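The chain contents come next:
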Amino acid sequence: MTTLPRGAAVRRDAGLYGFERALRRSAVEPNCWSRRGRARRVCWPPGRSGRNPACKASGGADPRPGRLQALDRAPRERCYEEVIARALAWSVVVVSPAECDRLGMHVANIEALRRSLARLDVRPVYVLTDGFPVDGLGVPGLAIWKGDRVAACISAASVLAKVTRDRIMADLDKVHPEYDFKTHKGYVTKVHREALEEHGPSPIHRMRFANVRRAAGIEGPEPTTLEPQLQLFG
């Protein structure tokens, strides 16, 4: 789970498509890219049809690292539609707050990535994951540190997850309007902190995080987690 296929190499200046080209030079098709958190996977077709459409939306043929997932809402929505239209297969998996609390964030992330692979209509023969390796996939793969900044398709997967998350939070705002989820999308802001302190946690807040536990009046040590303590939603 730590190396590219034999004979494949990626230059430091290869750009966002370097990993794709390296795998295709080794006749590894189709490839699958994934991102943790709200797990998502994307399998791309070969050639120019598999070029990341987010690059066009961001204003360049090979945009700066990390720029794709930082797009404003409108271009990100357009990018989302292009990604799902061009991809050979894609999937997004959501793990409930209760399951995140039960498993812990790291284990929940790993499990979500496995589930997202299982839901793909096209079975990949190689997988790139963002951040850490995932075993039990049944295919070889490579974990890439900050993969969404160096691999185009991981960036595309990030767009799928971000748009999906924003849409979910907008729907949840209708159920819990007192938290203003439609504005901050669950991230820690002054408004969100004040609402959490005033109303306490909602059923969708994760109790593993210190600020949520404080708002609930729970004392004692927090459960061990590999995620930032102030992140309410992944």
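Note that this is a predicted model, so its numbers are computed, not measured.

Cut-offs used in this document
Residues numbered from 1 in each chain as written. Predicted model: local features only at pLDDT ≥ 70, side-chain atom pairs only at ≥ 80, totals over all residues. Heavy atoms only, no water. Phe/Tyr/Trp six-rings, centres within 6.5 Å; stacked < 30°, edge-to-face > 60°. Helix = DSSP H or I, 4+ residues; strand = E, 2+ residues; numbered from the N terminus. Buried < 20%, exposed > 50% of the residue type's maximum accessible area, 1.4 Å probe, protein only. Contact = heavy atoms within 4.5 Å. Salt bridge = Lys/Arg side-chain N within 4 Å of Asp/Glu carboxyl O. Axes fitted to C-alpha atoms, helices over the stretch in contact; angles between N-to-C directions. Parallel < 35°, antiparallel > 145°, perpendicular 65-115°, else oblique. Left-handed = near helix turned anticlockwise from the far one by under 90°. Nonpolar A, V, L, I, M, F, W, Y, C, P; charged D, E, K, R; others polar. Expected span 1.5 Å × (residues − 1). Pairing = 2+ DSSP bridges. Core = buried A, V, L, I, M, F, W, Y, C linked by side-chain atoms within 4.5 Å.

1. Quick notes on the packing of aromatic side chains
Then, number 1: Within this structure, the stated rule accounts for 2 aromatic pairs.
Then, number 2: Relative to W90, the ring of Y80 has its centre 6.5 Å away and its plane inclined at 70 degrees; by these criteria the two rings are edge-to-face. Note that Y80 is positioned in helix 3 (residues 73-86) and W90 in strand 3 (residues 89-92), a separation of 10 residues in sequence.
Then, number 3: Of the residues examined, Y80 reaches a relative accessible area of 9% and is grouped as buried.
Then, number 4: On the accessibility criterion, W90 (33% relative accessible area) is partly exposed.

2. Quick word on the side chain of H176
Then, number 1: Note on placement: H176 falls in the loop between helix 7 (152-175) and helix 8 (181-184).
Then, number 2: For H176, a relative accessible area of 12% translates into the label buried.
Then, number 3: Those residues within four positions of H176 in sequence are excluded, and the remaining contacts are F181, S202, P203 and I204.

3. Brief notes about the pattern of salt bridges
Then, number 1: Applying the stated criterion across every chain yields a total of 13 salt bridges.
Then, number 2: Note that R102 is salt-bridged to E99, the shortest N-O span being 3.6 Å. Pair noted here: R102 and E99 are both in helix 4 (residues 97-103), with a separation of 3 residues, about one helical turn.
Then, number 3: Assessed through its relative accessible area of 60%, R102 is described here as exposed.
Then, number 4: For K182, the salt bridge goes to D173, with nearest N and O atoms at 3.7 Å.
Then, number 5: K182 sits in the partly exposed class, given a relative accessible area of 46%.
Then, number 6: For D173, a relative accessible area of 8% puts it in the buried group.

4. Thoughts on the packing of helix 3 against helix 7
The axes of two packed helices give the description: the angle between them and the distance between them.
Then, number 1: In contact at an axis separation of 9 Å, helix 3 and helix 7 are set at 120 degrees when each is read in the N-to-C sense. Classified by the angle their axes make, helix 3 and helix 7 are oblique. Read as a crossing pair, helix 3 and helix 7 show a hand that is left-handed. Taking contact as the criterion, the partners of R76, E77, C79, Y80, E81, V83 and I84 in helix 3 are, on helix 7, A156, V159, L160, K162, V163, T164, D166 and R167.
Then, number 2: For the contact of helix 3 with helix 7, the class distribution of residues is 8 nonpolar, 1 polar and 6 charged.

5. Regarding helix 3
Then, number 1: For helix 3, with 14 residues, the first-to-last C-alpha span of 20 Å sits near the 20 Å given by 1.5 Å per residue.
Then, number 2: Every buried residue of helix 3 is listed here: P75, R76, E77, C79, Y80 and V83.

6. Here's the deal with the pairing of strand 4 (residues 126-130)
Then, number 1: For strand 4, the buried fraction is high: 5 of the 5 residues fall into the buried class.
Then, number 2: Residues Y126, L128 and D130 line one face of strand 4 and the alternating positions V127 and T129 line the opposite face, and both faces are buried.
Then, number 3: Bridge analysis of strand 4 against strand 5 (residues 141-144) gives 4 bridges, and the strand direction is parallel. When the sheet's bridge partners are listed, L128 is paired in strand 5 with L142.

7. Notes on the nonpolar core
Then, number 1: The biggest cluster of nonpolar side chains holds 10 residues, and these are A89, I110, L113, L117, L120, V127, F132, V134, L137 and V139.
Then, number 2: A per-element tally of this core places helix 5 (residues 105-118) first, with 3 residues.
Then, number 3: One finds V93, V95, A108 and L196 within the second-largest nonpolar core, a separate group that totals 9 residues.

8. Describing unusual backbone geometry
Then, number 1: Its identity is not glycine, yet K146 carries a phi of approximately 50 degrees, on the positive side.
Then, number 2: Within the secondary structure, K146 is located in the loop between strand 5 and helix 6 (147-150).
Then, number 3: A positive phi is found at K185, a non-glycine position, where the angle reads about 60 degrees.
Then, number 4: Following the sequence through the fold, K185 ends up in the loop between helix 8 and helix 9 (190-199).

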